[in-house]
Amino acid sequence: MSEHTAQMSIRGGRWCLYVVLMGVPVSQWPEHNFGPANVPTPAERSRTLAALGFVFTDDAEWEWTEYSETPDDDTSPVRLLASAQVCSRDEGAP
């Protein structure tokens, strides 16, 4: 089973969920842009992943990380990045 990392971040005021596929150009990663609203709910994220052809691996949970927009600048705006482990829906979780 191939595991991948699903990530979600905000771009231009919209949350974007995408699946990182190693060895594949970023322009070909499956992604979905949510409308300009609050952070998508866990249910919305799950439905979106399923529509993209992925499911969570066993015990996968969204983990949130904050990082500076400008590295090494503690006055820089903070950005949020959510990550979760997924696999292809065809492979299924173990």
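Preceding this section is the structure that the text describes.
Rules used in this analysis
- Numbers given to residues run from 1 along each chain, matching the order in which its sequence is written.
- Where local features are concerned, this predicted model is filtered to residues with pLDDT of at least 70; where side-chain atom pairs are given and counted, the filter is 80 or more; whole-chain, interface and lining totals use all residues.
- Values reported for side chains reflect all heavy atoms of the structure, with hydrogen atoms and water molecules removed beforehand.
- By definition here, a salt bridge exists when the distance from a side-chain nitrogen of Lys or Arg to a carboxyl oxygen of Asp or Glu is within 4 Å.
- Strands here are runs of E lasting at least two residues and helices are runs of H or I lasting at least four, both read from the DSSP assignment and numbered beginning at the N terminus.
- The cut-offs for exposure are 20% and 50% of the maximum accessible area for each residue type, with area from a 1.4 Å probe on protein chains only; residues under the lower value are buried, those over the upper are exposed, and the others partly exposed.
- At least two DSSP bridges between two strands are required for those strands to pair.

**Some points on the pattern of salt bridges**
Taken as a whole, this structure holds one salt bridge when the rule is applied. E69 is paired through a salt bridge with R79; the nearest N and O atoms lie 2.0 Å apart. Of this pair, E69 sits in the loop between strand 5 (63-68) and strand 6 (78-88) while R79 sits in strand 6; the two residues are ten residues apart in sequence, bridging distant segments of the chain. Residue class for E69 comes out partly exposed when judged on its relative accessible area of 41%.

**Description of unusual backbone geometry**
In most cases, non-glycine residues show a negative phi, while peptide bonds are predominantly trans. Of note in this structure, D59 is not a glycine but carries a positive phi near 65°. Even without being a glycine, D72 presents a positive backbone phi close to 65°. Mapped onto the elements, D72 comes out in the loop between strand 5 and strand 6.

**Regarding the pairing of strand 2 (residues 14-20)**
Counting buried positions over the seven residues of strand 2 gives six, a clear majority of the element. As paired elements, strand 1 (residues 3-11) and strand 2 share seven bridges and run antiparallel to each other. Paired with Q7 across the two strands is Y18, which belongs to strand 2. The antiparallel pairing of strand 1 with strand 2 creates a hairpin that spans two residues between the two strands, and G12 there sits at a positive phi of about 55°. Both strand 2 and strand 3 (residues 31-33) contribute to a ladder of three bridges, which runs antiparallel. Note that in strand 3 the partner of L17 across the bridge is H32.

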